[in-house]
Structures are given as C-alpha cells and as structure tokens.
Amino acid sequence: MTGMSDKGLTQKVLIVGTSHTGAFYMARERIKTGYPGLEVSYFGMPGRVFSAALFEDGILRMADISARQLPWMDRQEIDFAPFSLIIQVGERFTLNHVMRLMAFHDVLEEDERSGRAPMSSAALTAFLTGMVQSRVDHIRGRFGADDRYCILPAPYPLARSTAPGPKHEYGLTALSLRSFADRWMARYEEIISERMQAAGLDVFLQPHETRAGQFMTQDRYARPGTDLTAPEGQVDHRHMNSDYGWQVFCAIAEHRLGLTPEGDALSTQQQMTG
Amino acid sequence: MKSASNSAPRGPVPQHKRETILVSPYDTLPASAFWRSGVAEAEPSAVEGLYLPKFPITRETKIMTAGSCFAQHVHRALVARDWAVIDMETPKGPIPREVLTRFGYGMYSARYGNIYTPRQMLQLLREALGDVTPAEPVWSLGARYVDAQRPNVEPEGLERPEHVRQARRVHLRRMLRAIKGAEVFVFTLGLTEVWRHRDSGTVYPTAPGTLAGSYDPGIYEFHNFTLPEVREDLEQLRTLLVLLRPGIRMVLTVSPVPLTATASGKHVLVSTASSKAVLRAAAGEMADSYGDVDYFPSYELITNPAARGRFYKENLRSVTDEGVAAAMRMFFQAHDPQGEAYRAANTPLPEEEDEDDDLVCEEALIEAARS
C-alpha cells in the first residue's frame with residue numbers, strides 16, 4: 001500500500017448517492033481489508049429518494065422519513081463534514097437522452113445514413129453540452145463546489161442489455177448499431193469532463209477496464225440472479241456487483257488518494273484489471 | 001358630410017335614456033365600440049371584447065405555427081400550456097430552450113425559421129410539393145454553407161452544400177407532415193419588404209449578405225409587396241392548405257414588431273406603418289371573407305396607445321414579456337377560460353426520465369444489505 005504510512009491516521013471516505021452505492025457496499029469487506037487506512041461510510045438511497053433528499057449546512061437528509069429504510073441504512077441523514085473524500089455515485093448526465101439523440105439522428109458530417117432526421121455536428125455538440133451543463137449546474141447548485149467531492153457517473157448498462165427481453169436497453173441497442181457511436185460517446189464524456197472541470201467539480205468516469213466497448217459494462221459485473229432467466233421483476237442490467245464496486249473503488253482511491261490496495265485484495269484487484 | 005366617428009357620441013347612452021328615446025344608431029352599442037370606454041379607460045393588458053373567436057380552439061386542437069419573430073411567442077405559450085401544438089423536428093430530451101432556439105428547433109411546428117411574408121410561406125409549401133425549386137438555395141458563410149431559406153438555423157453553417165440539401169429534403173417532408181396533421185394553422189404576418197431573385201422571383205427571409213451569402217444587384221432585387229399581392233398570396237395559401245389538409249382553419253395575426261430597417265427609401269417609421277397596414281388589411285379581408293379564417297388581434301393589443309408603449313422593450317421594437325403574456329392571456333381566455341384550473345390539477349410531477357427503475361433500485365440496495 002502506498003500513501004498511508006502513518007499508522008493510526010485514518011481518512012474518512014463517504015460513498016453516497018443512488019442505488020449504485022450498493023455495488024460498493026457489497027464490496028465493503030474487501031475495501032476494509034484492502035485499505036486499512038480508510039474508514040469508509042456508505043449512504044445510499046433509491047434514485048428518486050436521493051433526488052428528493054435535502055442538503056443543508058453540509059447535511060444530506062431524506063426528505064421523506066417514511067421512504068423505504070434500507071436494512072443497511074442505519075440513519076436518515078449524513079453529515080459531510082468529517083469526510084475528506086466524498087464519492088457521489090449514480091449521476092447519469094442524461095445518458096438515456098444522449099443515447100437516443102445520437103441513435104435516432106443522422107449526423108450530417110458523418111458518412112452513415114439511416115434515413116432518420118439529420119442533425120449537424122454543431123447542433124449535436126451543443127445539445128450534448130446543454131444537457132450535461134444542466135446536470136452540472138444541478139449538482140453544483142445542490143451540493144456546491146467542494147474539493148472533497150468526486151462525482152462518479154452511474155455505470156453504463158451491461159452489454160447483455162442489448163438482447164431482447166425484459167429491461168432491454170432500446171436506446172443503447174440502437175446506438176450500438178451506429179458506426180459513429182464510439183466517437184460521439186467519447187465526445188460526450190469529454191464534454192462531461194470539460195463542464196465539470198469548469199464548474200470546479202471532479203468527475204471520475206467509468207474505468208475503461210470495466211467496460212465492454214465505449215459505453216457498455218462487461219457482463220461479468222452483473223449481479224447474480226438478474227439475467228434474462230430470472231423472473232421479470234428481478235432482471236437488472238444497470239446495477240453492478242461487488243467486483244465492480246471493488247474495481248472502481250480501487251481506481252478512485254488511486255486517482256484521488258494515490259492509494260493501492262494491500263495484501264490479498266491487491267492480487268484480486270490486479271486479476272480484475274488483467 | 002360628417003363622418004360617423006366625428007358625429008358619434010362619446011360613450012354608451014345610460015339605460016334610462018335608451019328606454020325613452022334613441023338619438024343615434026350608436027346608442028345601443030356596447031362599451032367596446034367606443035374609444036373612451038373601450039380603450040382610453042380600459043386596462044390595456046385586459047381589453048374586453050378585443051378578441052371574439054370565430055371558431056373554438058381547444059387544448060386538443062392540433063395547431064401548426066409559423067410566421068415572423070412574434071409567432072415564436074405564440075408557439076412557446078401553446079407548448080408551455082401543454083396544448084396540442086405540432087412540433088415535427090425538435091429532438092426530445094432536457095435540452096435547454098436557448099440551445100434549441102440557437103439551432104432553430106422548438107420555435108415553430110417545423111424547423112423553417114422565421115417566415116416573414118405570405119409569399120415565403122406559399123413558396124415553402126410549393127417547394128415541399130415539388131412545384132417550385134428556389135433559386136440560389138445554398139448561400140456561403142465564409143468557408144461553410146447555409147440554407148438560404150433559413151440561414152439562422154445553423155449559425156456556424158455546414159461543411160458542404162450537400163449537407164444543406166440533405167437537411168432541407170428531410171425538413172420539407174416534416175413540414176408537409178405537420179400541415180397534414182394540423183387542424184388550425186396559426187400564421188403571423190411580419191413584413192411586406194423582401195429580397196428576391198430577379199429571374200425566378202424566389203424570395204428569401206433575409207437580404208443576401210446580411211447573415212450569409214453575398215449581395216449581387218444583378219441577381220437579387222428588393223421588392224415591397226402591395227396589398228393586392230399579399231391578399232392574393234394569402235388566398236393561394238389558404239387554397240393550398242385546404243387542399244393538403246381539408247377542414248384546416250387559419251388564424252392570422254400581424255406581428256407588432258416594427259421593421260429593423262427598410263430598403264424602401266422611405267423613413268423606417270413610414271415603412272413600418274405602411275407594411276403593417278398592408279398586412280393588417282389583408283388579414284382582415286381574409287377573415288371577413290372566409291368562415292375558416294380568423295384574425296387574432298395581438299397587434300392591436302400590443303400597439304394600443306393606452307399602453308403608452310409599455311409593451312415594448314427599451315429598443316421600442318421587441319415586445320416585453322408582459323405584452324406577450326397579455327396577448328396570450330387574451331387567446332387563452334377566449335378559448336380556454338378554465339385553463340389555469342385545469343393546468344393546476346393536471347400538471348404532472350416533475351419526472352426524472354433518466355432515473356434508474358425504482359423497483360430495481362430498491363432491489364439492488366436490498367441485495368447489498370444481504371451481502
């Protein structure tokens with residue numbers, strides 16, 4: 001392990017956000033073992049509950065106390081003050097709209113033609129920027145700009161979600177068929193980085209080693225029992241397993257704290273990254 | 001001989017007097033027929049009886065909008081009120097309005113930009129039907145290219161002329177679909193002055209060389225449409241619209257926005273008055289002639305002397321938000337007096353469409369708890 005030589009000095013890290021915090025919570029034992037110098041807290045809520053939660057004077061509290069109390073959520077509010085790193089999980093940066101915008105238009109300056117309505121590169125870039133900026137403004141307006149924040153977008157849906165069946169990702173599937181998709185999704189991510197940086201916010205995009213191509217997540221990060229053979233209500237292509245939580249946490253820890261995991265956990269992480 | 005306006009009494013005659021003797025045909029007229037009671041003493045943002053619709057328009061009526069700048073306000077107000085205003089080209093999604101507007105989206109029922117004259121609208125329809133091909137359809141903008149018929153919609157221009165043509169082909173198809181789906185066509189008349197192609201008569205929404213293209217007096221000429229020309233264009237426009245969409249009705253308005261500049265050689269104030277008078281007269285004649293054409297007096301509301309210019313911004317040209325709101329209130333009160341109550345009861349909660357499925361969210365968190 002590097003960067004944590006002073007024994008007894010722990011850094012407090014908060015992982016807060018939508019249901020995507022679950023992947024990190026499921027990896028909590030590995031994180032604890034791999035990063036003994038970190039004291040990690042988890043505060044997760046379903047997306048709509050998180051969106052409605054109030055943030056005042058550095059404290060995030062659920063707006064509706066009757067909202068579902070999850071078993072591992074032992075409190076209804078969290079004070080950001082003690083934490084030196086706050087990882088906000090689950091922002092989608094209007095991903096679905098972005099994918100549909102790209103999938104269902106022909107970009108005039110691109111060679112591919114599908115017969116759909118044409119749109120200029122300039123307009124598409126402006127629309128992507130406008131949509132991303134509105135989310136950046138929302139984050140900044142809600143939480144302010146704070147060096148301790150690291151915004152982690154929600155993972156891209158699993159590659160398997162393009163197969164027909166429950167929870168089929170229609171926009172993602174349509175986009176994956178467009179020849180320019182990778183290029184424009186890369187542009188979208190550049191815009192996210194640019195706009196967040198301009199707003200004084202740190203964003204950590206999904207690590208490439210977890211992806212299947214530019215904008216899907218590898219199926220090995222699926223939670224067990226959520227594939228197309230599961231009862232329809234349990235099929236889920238968006239929420240990842242503990243391996244994903246571990247993998248991404250390691251990447252953020254290195255990015256923000258200069259830390260790599262210790263011991264057995266290290267080898268696990270190395271195996272994951274190949 | 002005295003005119004009626006000079007000899008008319010200055011206001012409605014009181015009830016007790018009316019019962020006894022009638023002194024003139026004006027005695028029985030309502031307050032709205034008299035300048036003092038109808039205008040001078042009326043609140044200019046809520047003048048009673050100014051708009052008496054000829055036919056109903058409801059929130060379910062499929063409305064197509066087009067016209068000069070002021071028509072954008074009409075379109076937006078209808079959209080904001082969640083009326084069935086047609087929009088064939090604007091992409092879905094939480095794209096900020098100002099960004100959409102910069103590229104000509106979300107302004108009208110199709111992405112045609114401002115259409116200032118009835119001739120331009122007529123020409124657009126004929127082009128979409130394949131009856132005419134506009135001359136000089138692509139103008140250069142530096143090293144890039146724009147659609148001469150809507151030079152505003154791509155502010156940076158496009159890379160190749162072929163891109164302009166491709167985009168236009170699809171636009172024309174969408175525009176025709178908008179008409180074929182419309183029940184009411186709301187059209188705001190803006191100008192009589194145009195620049196046109198000398199040989200073909202093709203008209204353009206802007207002068208060559210202002211936003212794009214270059215001015216060659218051998219190719220382009222100035223023209224100021226006369227009342228008979230505007231009237232004839234509106235006749236043909238109506239005929240074509242009805243042909244494309246039987247049963248369609250028209251609501252005509254005149255933009256209260258003065259001319260930015262005139263090329264007529266006259267003072268811009270004279271040209272503005274002349275232009276608006278021609279448009280107003282033509283719209284009025286159309287409304288008087290046809291049961292399926294109505295006139296919406298937003299022009300009168302905004303230019304009302306009783307407002308003492310308060311519906312204009314400091315440049316004395318752009319209409320203030322208050323003015324737009326007053327005009328649209330007049331429209332909605334006439335067609336949808338219970339609209340506010342309906343809106344309050346039916347406004348959906350803000351939806352985060354991009355949110356992960358709630359049920360699955362819960363499942364993911366519960367599973368985390370079990371781990």
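On a predicted model such as this, the values are computed, not experimentally measured, just so you know.

### Examining the confidence of the model for chain A
Here's step 1: This prediction gives chain A a mean pLDDT of 91; 91% of its residues lie at or above 70.
Here's step 2: Counted against residues more than four places away or in other chains, residues 1-7 of chain A, with its pLDDT under 50, gives 14 contacts.

### What to know about the sheet that holds strand β5 (residues 193-197) of chain B
All names here are of chain B.
Here's step 1: Strands sit in the order β6-β5-β7 across an open sheet of 3 strands; the sheet is antiparallel. Every interior strand has two partners, whereas the edge strands, β6 (203-204) and β7 (220-224), have only one.
Here's step 2: Looking at chain direction, β5 and β7 are connected through 5 bridges and run antiparallel. Within the sheet, the bridge partner assigned to His197 lies in β7 and is Tyr220.

### Digging into the pairing of strand β2 (residues 138-141) of chain B
Residues and elements named next belong to chain B.
Here's step 1: Bridge count for β2 against strand β3 (residues 144-147) is 4 bridges, and the pairing is antiparallel. Residue pairing across strands places Ser140 opposite Tyr145, the latter belonging to β3.
Here's step 2: Counting the residues between successive antiparallel strands, the hairpin from β2 to β3 contains 2 residues, one of them, Gly142, with a positive phi of roughly 65°.

### Thoughts on the environment of Ala148 of chain B
Here's step 1: Counting through the fold element by element, Ala148 of chain B comes out in the loop between β3 and α7 (161-181).
Here's step 2: With 16 residues separating them along the chain, Ala148 of chain B and Val164 of chain B place their C-alpha atoms 9.3 Å apart.

### Thoughts on the pattern of salt bridges
Residues and elements named next belong to chain B.
Here's step 1: As enumerated under the stated definition, the model contains 33 salt bridges over all chains in all.
Here's step 2: For Asp292, the salt bridge goes to Arg238, with nearest N and O atoms at 3.0 Å. One end of the pair, Asp292, is in the loop between α9 (268-289) and β9 (293-295); the other, Arg238, is in helix α8 (residues 227-244), with 54 residues separating them in the sequence.
Here's step 3: The exposure class of Asp292 is buried, given its relative accessible area of 18%.
Here's step 4: In this structure Arg238 comes out as buried when scored by relative accessible area, which is 18%.
Here's step 5: Close ionic contact of Arg280 with Glu300 constitutes a salt bridge, the shortest N to O distance being 2.5 Å. Residue Arg280 is found in helix α9, and its partner Glu300 is found in helix α10 (residues 298-303); the two are separated by 20 residues along the sequence.
Here's step 6: Accessibility expressed as a relative area gives 26% for Arg280, which makes it partly exposed.

### Some points on the packing of helix α5 (residues 121-143) of chain A against helix α7 (residues 181-198) of chain A
Residue and element names in this part refer to chain A.
Here's step 1: Close contact between α5 and α7 brings their axes to 9 Å; oriented N to C, the two are set at 40°. One finds that α5 runs oblique with respect to α7. In terms of crossing hand, the pair formed by α5 and α7 is right-handed. Contacts from Ser121, Leu124, Thr125, Leu128, Thr129, Val132, Gln133, Val136 and Ile139 in α5 reach Trp184, Arg187, Tyr188, Ile191, Ile192, Arg195 and Met196 in α7.
Here's step 2: Looking at the contact of α5 with α7 residue by residue, the classes come out as 10 nonpolar, 4 polar and 2 charged.

### Quick notes on helix α8 (residues 242-257) of chain A
All names here are of chain A.
Here's step 1: End to end, α8 covers 21 Å across 16 residues, agreeing with the expected 22 Å (1.5 Å per residue, within 8%).
Here's step 2: Tyr244, Gly245, Trp246, Gln247, Val248, Phe249, Cys250, Ala251, Ile252, Ala253 and Leu257 are the residues of α8 that are buried.
Here's step 3: At the N-terminal end of α8, a side-chain oxygen is found 3.1 Å from the backbone nitrogen of Asp243, two or three residues along, and the residue is Asn241.
Here's step 4: In the stretch just after α8, Gly258 is the one whose phi turns positive, near 70°.

### Digging into the sheet that holds strand β4 (residues 184-189) of chain B
All names here are of chain B.
Here's step 1: A sheet is described by the order of its strands in space; here 4 strands give the open sequence β1-β4-β8-β9, paired in parallel fashion. On the outer flanks of this sheet lie β1 (63-67) and β9, each paired with one strand and no other. Taking each pair of neighbouring strands and ignoring which way they run, the sheet shows an average axis angle of 20°.
Here's step 2: As judged from the 3 bridges shared by strand β8 (residues 249-254) and β9, these two strands associate in the parallel manner. Each bridged residue has a counterpart across the sheet, and for Val251 the counterpart in β9 is Asp294.
Here's step 3: Sitting on the sheet, helix α4 (residues 69-80) is in contact with β1 and β4, with an inclination near 160° to β1.

### Comments concerning empty space enclosed by the protein
Here's step 1: Scanning the model with the defined rule gives 5 cavities of 30 Å³ or more in all.
Here's step 2: Of the voids in this model, the largest cavity is the one considered here, and its volume is about 110 Å³.
Here's step 3: Pro153, Ala154, Tyr156, Tyr188 and Ile192 of chain A are the residues nearest the centre of the largest cavity, which is lined by 13 residues in total.
Here's step 4: Per-element accounting of the lining of the largest cavity gives the leading share, 3 residues, to α7 of chain A.
Here's step 5: A per-class count over the lining of the largest cavity returns 8 nonpolar, 1 polar and 4 charged.
Here's step 6: Taken as a whole, the second largest cavity spans an internal volume of roughly 70 Å³.
Here's step 7: In terms of lining, the second largest cavity is formed by Leu108 of chain A together with Arg111, Tyr145, Val146, Asp147, Arg150, Val153, Glu154, Leu158, Val164 and Ala167 of chain B.
Here's step 8: The leading source of residues in the lining of the second largest cavity is β3 of chain B, at 3 residues.
Here's step 9: Taken together, the residues of the lining of the second largest cavity break down into 7 nonpolar, no polar and 4 charged.

### Side note on the packing of aromatic side chains
Here's step 1: This structure, assessed with the given rule, holds 26 aromatic pairs over all chains.
Here's step 2: Here the aromatic rings of Trp195 of chain B and Tyr215 of chain B are separated by 5.3 Å at their centres, their planes lie at 80°, and the arrangement is edge-to-face. Taken together, the residues span a long stretch of sequence, with Trp195 of chain B in strand β5 and Tyr215 of chain B in the loop between β6 and β7 at a distance of 20 residues.
Here's step 3: An aromatic cluster of at least three residues, connected via ring pairs, comprises Phe50, Phe55, Phe80, Phe143 and Tyr149 of chain A.
Here's step 4: Here the guanidinium or amino end of Arg238 of chain B rests over the ring plane of Tyr290 of chain B, the centre of that ring lying 3.8 Å away.

### Concerning the interface of chain A and chain B
Here's step 1: With 47 residues of chain A at the interface, the matching set in chain B holds 39 residues.
Here's step 2: Between chain A and chain B, a total of about 3800 Å² is buried, with carbon and sulfur atoms accounting for 59% of that surface.
Here's step 3: The largest share of the area that chain A buries against chain B comes from Arg48, His97 and Phe127 of chain A, three residues that together contribute 17% of it.
Here's step 4: Applying the counting criterion to the chain A and chain B interface returns 3 residue pairs in polar contact (both at pLDDT 80 or more).
Here's step 5: Residue assignment for the side of chain A that touches chain B shows that the elements contributing at least two residues are α1 (21-26), α3 (47-52), α4 (95-103), β8 (118-119) and α5 of chain A.

### A closer look at the environment of Arg81 of chain B
Here's step 1: Following the sequence through the fold, Arg81 of chain B ends up in the loop between α4 and α5 (97-102).
Here's step 2: For the pair Arg81 of chain B and Gly339 of chain B, spaced 258 residues apart in the sequence, the C-alpha separation amounts to 8.3 Å.

### Some details on the side chain of Asp233 of chain B
All names here are of chain B.
Here's step 1: Along the chain, the position of Asp233 falls in helix α8.
Here's step 2: Here the side chain of Asp233 touches Arg119 through a polar contact of 2.9 Å, side chain to side chain.
Here's step 3: Among all residues touching Asp233, those that are not within four sequence positions of it are Pro118, Arg119, Leu122 and Phe225.

Parameters at a glance
Residues numbered from 1 in each chain as written. Chains lettered and ligands numbered in written order. Predicted model: local features only at pLDDT ≥ 70, side-chain atom pairs only at ≥ 80, totals over all residues. Heavy atoms only, no water. pLDDT = per-residue confidence, 0-100. Contact = heavy atoms within 4.5 Å. Pairing = 2+ DSSP bridges. Helix = DSSP H or I, 4+ residues; strand = E, 2+ residues; numbered from the N terminus. Salt bridge = Lys/Arg side-chain N within 4 Å of Asp/Glu carboxyl O. Buried < 20%, exposed > 50% of the residue type's maximum accessible area, 1.4 Å probe, protein only. Axes fitted to C-alpha atoms, helices over the stretch in contact; angles between N-to-C directions. Parallel < 35°, antiparallel > 145°, perpendicular 65-115°, else oblique. Left-handed = near helix turned anticlockwise from the far one by under 90°. Nonpolar A, V, L, I, M, F, W, Y, C, P; charged D, E, K, R; others polar. Expected span 1.5 Å × (residues − 1). Polar contact = N/O pair within 3.5 Å; in protein donor to acceptor, adjacent residues only side chain to side chain. 1 Å grid on protein atoms, 1.4 Å probe; cavity = no way out; pocket = protein on both sides within 12 Å on 5 of 7 lines; lining within 4 Å. Points joined across faces, edges and corners; volume = space filled by probe spheres on them. Phe/Tyr/Trp six-rings, centres within 6.5 Å; stacked < 30°, edge-to-face > 60°. Lys NZ or Arg CZ within 6 Å of the ring centre and 35° of its normal. Buried area = accessible area lost by both parts, 1.4 Å probe.

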